[in-house]
Amino acid sequence: MNTRILTAALLIALLGAGCSFSSAKSSLQRNACSMDADCTGQAHCKAGLCAMDSTTALGISLQVVPAHAPDSTEALAIPFGPFTLTGPAHRSFELARPVTMSGSVHDGTQPIAASLSFTPVDANGMPTGPAVQASTVDPAAPGEGAFSALLLDAASYHVVVQPMDTTLAPHALNVTAQAKGNIDVDYAKVGWTHTTVVVQGAPSSHTLQLRELDKATGRPLSNTIVLKNGSVVLDTDPGHQDFKLEIAAQDTQPSASAPGNGKSACDATGEVFPVLTANDVDLTQDAKGNLTLTLPAIPAPIRYSGTVQLCAGKSSQGLDGMPMTLDATALRFADKAVTVTAAYNAATTVSVDKASGELRFCTQVLPGDYVVVVTPPANLPCAIFAERRLIETTTGSDYTNEVLTFQKPATLTGTISTSDDMPVVNASIDAVALGRDLALAASDPTVASYNRSKQTTSDTNGMFQLTVDVGSYDVVIKPPAESNFPWQVLHDVDIAARRSVFATRVVVDAPVVVLGTLSYIGGNSAEQRSLAGADVHAYTVVGDGDQARSIEIGHCTADDAGNIMLLVSPTLRDGW
């Protein structure tokens, strides 16, 4: 059988099985054809499906998630690619086999309870996928202090060992996965770097603890030690140069209760203390290498309270308990020459006052600049409240009668249709929040990076309407799988105003059909069978340089033989 006949046969088989398309409802528009004349544009009819041969410079990568590992345990996500998107020629997707590596964490003969993360990395040490987690306290592990991890054969991993006892330092190492490989971590042989830190100006009202963090990632580099007699000794892996020192208190859980449910006054009490960080270059060092840190005087806390106003015409009924957070961007110290940075976050809820019906809040904060966030429930058609506030008082006591007003959301509307203007019914529209800053109108104080993801579906006319917060989104249109149309991706959609309508028309394209068979490199028949029913997710990269990111553009499921048929749109759309 030649390649063309094999490809056509596989297309026909997959249309009935493979990536499982069920029979369509009468109202559903389907991508179907009997000859090239049934297709529009540059699409051709291939085994009953209008399809494109290729796309321009669109590279995709796959993430394959088998239903289970070859040994019937939980599966491991397996990457493949990237490769240039072309079709429909059949290709083989050879996947790295999962292998089990075992090991132990101990201090001499004493086992250590620890969690381990295995992050796959490339030749430059950059992460290439999600981390695999393991633990020496897993009941399925072979013994006390021992662990096992399912990894990809021959892949490189950056491993971080984090003892449950935080007075023991984390330890990092690099390994290459191999079948029956062993990882032995003996804390007695690491050769720790010991650093003494002297802290001046520590308050007697708090028990402070210190640790070193990586400047770039924030990952812990040292153990966590409680400050005693004004100093600590921190242990770190040898070779670490740049770090920042974190100082936190063990006893900083202020209570916060808004007036409501019969309460007549704001009750917010408890001790508060920020999380302080100091860069290594800001610490003084003596001849012995000891570091000295001088803490600033912590300002008195402020009781912060007020009301929340809903967007026009909405009732407070059923809104008791809305979550509210206050994230400090900078604290205000009396000493302007402070070199440490400080972070403080408070969380409370908004309560309905039974007597007045008002939505009220109350909490304790430190003087500073904050982003105040109140999140309405999904069924309340108000935008999220996320605005900057300077919270400080001349008396150092209370900041009362603050009014936080929800604004109306923006509304995305559109029509989803085929190239011959037929509506696409019951398509999923996912507005995926990117959580990044966006310049808004001067009159809008909203911090756009707090926007939320939303989802809806198209109606019988292919139309949809979706209320969203101002902010940046990827909008992914997913026609029903049985329609044989690919996803349509509108990336980097910026909604920077609260206009009542942002309208668009989305035309679903004929797909590029990616055909192939999943198989393990060097795998046996039993391992091959474990790929039946595997989930296959397709991704591409948008943006350049530091702005580059991965976005999902398609999905399908393998058939019982590991065959897949992935339908991918030949183009992406930039913006709404």
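About the criteria used
- Residues numbered from 1 in each chain as written.
- Predicted model: local features only at pLDDT ≥ 70, side-chain atom pairs only at ≥ 80, totals over all residues.
- Heavy atoms only, no water.
- Pairing = 2+ DSSP bridges.
- Helix = DSSP H or I, 4+ residues; strand = E, 2+ residues; numbered from the N terminus.
- Axes fitted to C-alpha atoms, helices over the stretch in contact; angles between N-to-C directions.
- Buried < 20%, exposed > 50% of the residue type's maximum accessible area, 1.4 Å probe, protein only.
- Disulfide = S-S within 2.5 Å.
- Salt bridge = Lys/Arg side-chain N within 4 Å of Asp/Glu carboxyl O.
- 1 Å grid on protein atoms, 1.4 Å probe; cavity = no way out; pocket = protein on both sides within 12 Å on 5 of 7 lines; lining within 4 Å.
- Points joined across faces, edges and corners; volume = space filled by probe spheres on them.
- Nonpolar A, V, L, I, M, F, W, Y, C, P; charged D, E, K, R; others polar.
- Contact = heavy atoms within 4.5 Å.
- Polar contact = N/O pair within 3.5 Å; in protein donor to acceptor, adjacent residues only side chain to side chain.
- Core = buried A, V, L, I, M, F, W, Y, C linked by side-chain atoms within 4.5 Å.

Student: Would you explain the sheet that holds strand 5 (residues 90–95) in this entry?
Tutor: Sheets are built from strands that pair by backbone hydrogen bonding, the pairs being arranged parallel or antiparallel. Pairing in this open sheet of 3 strands is mixed, and the strands run 5-39-42 from one edge to the other. Whereas interior strands pair on both sides, the edge strands pair on one side only; in this sheet they are strand 5 and strand 42 (563–568). The average angle at which neighbouring strand axes cross in this sheet is 35 degrees, direction not considered. Note: strand 39 (residues 512–520) against strand 42, 6 bridges, orientation antiparallel. Residue Thr-517 lies in a different strand from strand 42, and its bridge partner there is Asn-563.

Student: Looking at this model, I keep getting lost on unusual backbone geometry. Mind explaining?
Tutor: Backbone geometry follows two general trends: most residues other than glycine have a negative phi, and most peptide bonds adopt the trans configuration. Residue Pro-82 is bonded to the preceding Gly-81 through a cis peptide linkage, with omega at 10 degrees. One non-glycine residue, Lys-180, adopts positive backbone phi at about 60 degrees. On the secondary structure map, Lys-180 appears in the loop between strand 12 (171–176) and strand 13 (182–186). On the basis of relative accessible area, Lys-180 is assigned to the exposed category, the value being 81%.

Student: Could you clarify how one ought to interpret the state of the cysteines in this entry?
Tutor: Covalently bonding the sulfur atom of one cysteine to the sulfur atom of another cysteine gives a disulfide. Scanning the model with the defined rule gives 3 disulfides in all. Between Cys-33 and Cys-45 runs a disulfide, and the two sulfur atoms are separated by 2.1 Å. Handedness here is read from the sign of the S-S torsion; for Cys-33 and Cys-45, about 95 degrees, the answer is right-handed. Pair noted here: Cys-33 is in the loop between helix 1 (3–16) and strand 1 (44–46) and Cys-45 is in strand 1, with a separation of 12 residues, a long-range link. The exposure class assigned to Cys-45 is buried, which follows from its relative accessible area of 18%. In this model, Cys-311 is linked to Cys-382 through a disulfide, with the two sulfur atoms separated by 1.8 Å. Residues Cys-311 and Cys-382 share a disulfide whose torsion about the S-S bond is about -85 degrees; that sign makes it left-handed. One end of the pair, Cys-311, is in the loop between strand 24 (302–309) and strand 25 (322–331); the other, Cys-382, is in the loop between strand 29 (368–374) and strand 30 (385–391), and 71 residues separate them in sequence.

Student: Help me understand the sheet that holds strand 11 (residues 156–163) in this model?
Tutor: Pairing in this open sheet of 4 strands is antiparallel, and the strands run 9-8-11-12 from one edge to the other. Looking at which strands have only one partner, the edges of the open sheet turn out to be strand 9 (132–135) and strand 12. When the angles between neighbouring strand axes are averaged without regard to direction, this sheet yields 25 degrees. Bridging between strand 8 (residues 114–121) and strand 9 involves 4 bridges; their strand directions are antiparallel. In the sheet register, Ser-117 faces strand 9, and the bridge partner there is Gln-133.

Student: Looking at this structure, I do not really get the pairing of strand 25. What am I missing?
Tutor: On a regular strand, one side chain projects to one face of the sheet and the next to the other, so that they alternate. Both strand 25 and strand 27 (residues 345–352) contribute to a ladder of 6 bridges, which runs antiparallel. Each bridged residue has a counterpart across the sheet, and for Met-322 the counterpart in strand 27 is Val-350. The pairing of strand 25 with strand 29 spans 7 bridges and is classified as antiparallel. Within strand 29, the residue paired with Leu-326 across the bridge is Val-372.

Student: For this particular structure, what's the right way to read the pattern of salt bridges?
Tutor: Opposite charge on two side chains allows them to pair when their charged atoms are near. Scanning all chains against the criterion turns up 16 salt bridges. With a shortest N-O distance of 3.9 Å, Arg-436 and Asp-494 are connected by a salt bridge. Taken together, the residues Arg-436 in the loop between strand 33 (428–433) and strand 34 (454–457) and Asp-494 in strand 37 (residues 488–495) connect sequence positions 58 residues apart. Residue classification places Asp-494 among the partly exposed positions, given a relative accessible area of 42%. In this structure, a network of salt bridges that share partners links the residues Arg-436, Asp-474, Asp-492, Asp-494 and Arg-549.

Student: How should the layout of surface pockets be read in this particular structure?
Tutor: The method is simple in principle: a probe with the dimensions of a water molecule rolls over the atoms, and the space it marks as empty is what remains. Approximately 1,200 Å³ is the volume found for the largest pocket. Lining of the largest pocket is provided by 45 residues; of these, Ala-77, Pro-79, Pro-120, Gly-129 and Pro-130 occupy positions nearest its centre. Elements with a minimum of two residues in the lining of the largest pocket: strand 3 (54–65), strand 4 (78–86), strand 8, strand 9, strand 10 (146–152), strand 11 and strand 40 (535–542). Split into classes, the residues belonging to the lining of the largest pocket amount to 27 nonpolar, 14 polar and 4 charged.

Student: What is the right way to read the environment of Pro-130 from this model?
Tutor: Structurally, the position occupied by Pro-130 is in the loop between strand 8 and strand 9. Along the sequence, Pro-130 and Phe-118 sit 12 residues apart, while their C-alpha atoms lie 8.6 Å from each other. Excluding residues that lie within four positions of it along the chain, Pro-130 makes contacts with Gln-63, Phe-118 and Pro-120.

Student: Can you help me understand the side chain of Asp-430 in this one?
Tutor: Looking at the secondary structure, you find Asp-430 in strand 33. Only 3.2 Å separates the side chain of Asp-430 from the side chain of Lys-478, close enough to count as a polar contact. When near neighbours in sequence (up to four residues on either side) are disregarded, Asp-430 contacts Lys-454, Gln-455, Asp-474, Val-475, Val-476 and Lys-478.

Student: Sorry, what's going on with the environment of Val-226 here?
Tutor: Secondary-structure assignment places Val-226 in strand 16 (residues 225–226). Spatially, the C-alpha atom of Val-226 lies 6.5 Å from that of Leu-210, the residues being 16 residues apart in sequence. Residues contacting Val-226, with those up to four places away along its chain left out, are Thr-207, Leu-208, Gln-209, Val-232 and Gln-250.

Student: I would appreciate a short explanation of the pairing of strand 35 (residues 463–468) in the present structure.
Tutor: Side-chain alternation along strand 35 places Phe-464, Leu-466 and Val-468 on a buried face and Met-463, Gln-465 and Thr-467 on a face that remains uncovered. Where strand 32 (residues 410–417) lies against strand 35, 6 bridges are found, and the strand directions are antiparallel. Bridging from a neighbouring strand, Leu-412 pairs with Leu-466 of strand 35.

Student: Where do I start with the nonpolar core in this structure?
Tutor: Grouped burial of nonpolar side chains is what soluble globular proteins tend to show. Counting residues in hydrophobic clusters, the biggest one holds 63 residues, and the most contacted among them are Val-105, Phe-118 and Leu-518. Take this core: its biggest share by element is 5 residues, from strand 10. Within the second largest apolar cluster, 52 residues are counted, among which are Val-199, Phe-273, Leu-276 and Val-374.

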